[in-house]
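A closer look at the structure
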Amino acid sequence: MIESTCVPLNIENVDTDQIIPARFLKATTRDGFGENLFRDWRFDKDGAEKTNFVLNNSKYSGSILVAGKNFGCGSSREHAAWALGDYGFKVVVSSFFADIFKNNALNNFILPVQVDGDFLHKIFNAIKHNSLVVAKVDLKNQLFEIPEATLKTSFEINPYKKECLLSGYSDLDYLLAKTEAIKAFEQKRESVLV
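Procedures and definitions
Residues numbered from 1 in each chain as written. Predicted model: local features only at pLDDT ≥ 70, side-chain atom pairs only at ≥ 80, totals over all residues. Heavy atoms only, no water. Salt bridge = Lys/Arg side-chain N within 4 Å of Asp/Glu carboxyl O. Helix = DSSP H or I, 4+ residues; strand = E, 2+ residues; numbered from the N terminus. Buried < 20%, exposed > 50% of the residue type's maximum accessible area, 1.4 Å probe, protein only. Phe/Tyr/Trp six-rings, centres within 6.5 Å; stacked < 30°, edge-to-face > 60°. Lys NZ or Arg CZ within 6 Å of the ring centre and 35° of its normal. Patch = residues over 30% accessible without salt bridge, like charges linked within 9 Å, V, L, I, M, F, W, Y side chains within 5 Å. Areas by Shrake-Rupley, 256 points an atom, 1.4 Å probe, with all protein chains shown as cover.

1. Description of the pattern of salt bridges
This model, assessed by the stated rule, comprises five salt bridges. In this structure, K161 and D171 form a salt bridge, with 3.1 Å as the shortest nitrogen-oxygen distance. Residue K161 is found in helix α6 (residues 159–167), and its partner D171 is found in helix α7 (residues 171–177); the two are separated by 10 residues along the sequence. For K161, a relative accessible area of 10% puts it in the buried group.

What follows is the structure, encoded as C-alpha cells:
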C-alpha cells in the first residue's frame with residue numbers, strides 16, 4: 001500500500017524526451033537521472049528554476065505523479081522510468097500510457113495506474129482543492145482512492161508484473177525464485193521422455 005500526497009502534471013501527450021531530454025542519456029547506470037527529470041520545464045537555460053512548473057512549487061510533493069492523457073509517448077527510452085524513480089515517484093496515474101513506457105515503468109518498480117478520463121479529472125480537482133490530499137494505492141487489491149474526496153476506482157495490471165512488484169522481483173529474480181519448481185518440472189519431463 002502506498003499512501004502519499006500527489007504532484008499534478010495536468011499536461012497531455014508528455015513524451016519521453018520531455019520526461020528526460022536526450023542530452024542527459026549518456027550515463028549507463030540509473031543513478032542521477034532524477035535531477036534532470038522534466039529538465040526543460042523545470043529550469044531555464046541558465047539553470048534557474050522556473051517557478052511556474054509544478055515540481056518547483058513547494059505546495060506539491062509526494063511519490064504519486066498524476067499526469068494527463070498519453071503519458072510516456074515518444075521514444076522507448078527506459079531512462080524516462082529511471083528519472084521518475086530516481087526523483088522519488090513510485091506511482092504514475094494517467095488515463096492512458098504508451099505501452100513501452102508502461103512496461104519500462106513496471107520493470108523499474110514504478111506502478112502505472114490507468115484510470116478513465118472522468119476519474120482523472122476528479123483527481124486533478126481533488127488536488128486543486130487540497131494540495132495535501134492523500135491518495136492510497138493498493139496494488140494487492142488493485143484499487144486507487146482518495147478517501148477525503150470519496151474517490152475510488154479499480155485498475156488493471158498484468159498478473160505477472162503484479163506478482164513481481166508485490167515480491168520486489170525483477171524478471172531474473174522471479175525466475176530464480178522458481179528454481180526448485182523448474183528443476184522439478186524438468187526432472188518429471190525427463191522421466192517421461194526416457
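2. Description of the packing of aromatic side chains
All chains considered together, the criterion is met by 11 aromatic pairs. Each ring, one from F71 and one from F101, has its centre 5.3 Å from the other, and the planes form 80 degrees; the classification is edge-to-face. Of the two residues, F71 is situated in the loop between β3 (64–67) and α3 (79–87) and F101 in helix α4 (residues 99–107); the sequence distance between them amounts to 30 residues. By the burial criterion, F71 is buried, and F101 matches it. Each ring, one from Y169 and one from Y174, has its centre 6.5 Å from the other, and the planes form 70 degrees; the classification is edge-to-face. Here the aromatic cluster, defined as three or more aromatic residues joined through ring pairs, consists of F38, W41 and F53. A cation over a ring is seen here: R39 above F43, with NZ or CZ 4.4 Å from the ring centre.

3. Here's the deal with a nonpolar patch on the surface
A surface patch of nonpolar side chains, about 390 Å² in accessible area, is lined by L172, L175, L176 and I182. The element best represented in the nonpolar patch is α7, accounting for three residues. Locating L176 in the fold gives a position in helix α7. Exposure remark for L176: the relative accessible area of 54% places this residue in the exposed category.

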